[in-house]
Amino acid sequence: MSFKLGNKGESFAKKLFKKFGVDCQINEDYDKRYDYDLICKHGKKDFTCEVKYDFMAHKTGNLAIEVNNCRANKPSGINVTKADIWAHIIPDDGKMTMWIVRVPELKKFIKKNEPLRKVTQAGDGNADLLLYKAEAILEPLFFRVDNIQKNKFIKHLKSII
């Protein structure tokens, strides 16, 4: 189930980036599948994006940040991504919102802020997560991009890549 949801999130992010004039391709390189999900280009600037589809965020009011693959017993998500940007997709009654942040900023936040709680074996049973109250992490750290105009998106994107 989580794999399908991940693909849904990646497709949504790719489509939204395209709407803003950013060309993105889904990472199909098996050896780099944990490094990033999307390879993107805007003008002459290339960047990569990690996409997370957080299907429980709207229902719980919490944001989940993946940190470990408990089946493989190795770091995953924010702890291994080499992406420039983290995109967090939150579905809400059929509509999806997308929030972005620079990966180093998210890592810094996690290092400085204790999670509300830690969850083991989440999703399809293979992910350990850190849960943060959505209002404690989204507004101060992330930038919502699904509801803005192209020029505002491009201005923000240029400031973070």
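First, a word on what this report is: a plain description of the structure on this page. (Residues numbered from 1 in each chain as written. Predicted model: local features only at pLDDT ≥ 70, side-chain atom pairs only at ≥ 80, totals over all residues. Heavy atoms only, no water.)

### A few points about the sheet that holds strand S9 (residues 127-133)
Strand pairing in a sheet takes place through backbone hydrogen bonds and is either antiparallel or parallel in direction.
Inference 1: Ordered in space as S5-S4-S9-S8, the 4 strands form an open sheet in which the pairing is antiparallel. Across the chains shown, the open sheet's two edge strands, defined by having one partner strand only, are strand S5 (74-75) and strand S8 (117-122).
Inference 2: On the sheet, helix H4 (residues 134-141) packs against strand S4 (62-69) and S9 and is oriented at approximately 80° with respect to S9. (Pairing = 2+ DSSP bridges. Helix = DSSP H or I, 4+ residues; strand = E, 2+ residues; numbered from the N terminus. Contact = heavy atoms within 4.5 Å. Axes fitted to C-alpha atoms, helices over the stretch in contact; angles between N-to-C directions.)

### A short note on the side chain of His156
Inference 1: Relative to the helices and strands, His156 resides in helix H5 (residues 150-160).
Inference 2: The exposure class assigned to His156 is buried, which follows from its relative accessible area of 19%.
Inference 3: Other than its neighbours up to four places away in sequence, His156 contacts Ile100 and Phe143. (Buried < 20%, exposed > 50% of the residue type's maximum accessible area, 1.4 Å probe, protein only.)

### Let's talk about the nonpolar core
Inference 1: Counting residues in hydrophobic clusters, the biggest one holds 26 residues, and the most contacted among them are Phe17, Val22, Ile89, Met98, Ile100, Val145 and Phe153.
Inference 2: Taken together, the elements giving at least two residues each to this core come down to helix H1 (2-19), strand S2 (38-42), strand S3 (45-53), strand S6 (85-92), strand S7 (95-102) and H5.
Inference 3: Not counting chain neighbours up to four residues away, the residues in contact with Ile100 comprise Ile85, Trp86, Ala87, Leu141, Phe142, Phe143, Val145, Phe153, His156 and Ile160.
Inference 4: Listed in part, the 22 residues of the second largest apolar core include Tyr36, Val67, Val101 and Phe142. (Core = buried A, V, L, I, M, F, W, Y, C linked by side-chain atoms within 4.5 Å.)

### Focus: the packing of aromatic side chains
Inference 1: Evaluation of the coordinates by the stated rule reveals 4 aromatic pairs.
Inference 2: Measuring from ring centre to ring centre gives 5.9 Å for Phe17 and Phe47, while their planes differ by 70°; the resulting arrangement is edge-to-face. Remark: Phe47 occurs in strand S3 and Phe17 occurs in helix H1; sequence separation between them is 30 residues. One exposure class covers both Phe17 and Phe47, and it is buried.
Inference 3: Taken together, the aromatic side chains of Phe17, Phe20, Phe47 and Phe153 make up a single cluster linked through ring pairs. (Phe/Tyr/Trp six-rings, centres within 6.5 Å; stacked < 30°, edge-to-face > 60°.)

### Some thoughts on the sheet that holds S2
Inference 1: As summarised here, the arrangement of the 6 strands in space is S1-S2-S3-S6-S7-S10, forming an open sheet in which the pairing is mixed. A single partner strand is all that each edge strand has here, and the edge strands are strand S1 (23-26) and strand S10 (143-144).
Inference 2: Where S7 meets S10, 2 bridges bridge the pair, whose relative direction is antiparallel. Opposite Ile100, over in S10, you have Phe143 as the bridge partner.
Inference 3: The strands that H4 touches are S6, S7 and S10; relative to S7, the one it contacts most, it runs at about 65°.
Inference 4: On the sheet, H5 packs against S2, S3, S6, S7 and S10 and is oriented at approximately 30° with respect to S7.

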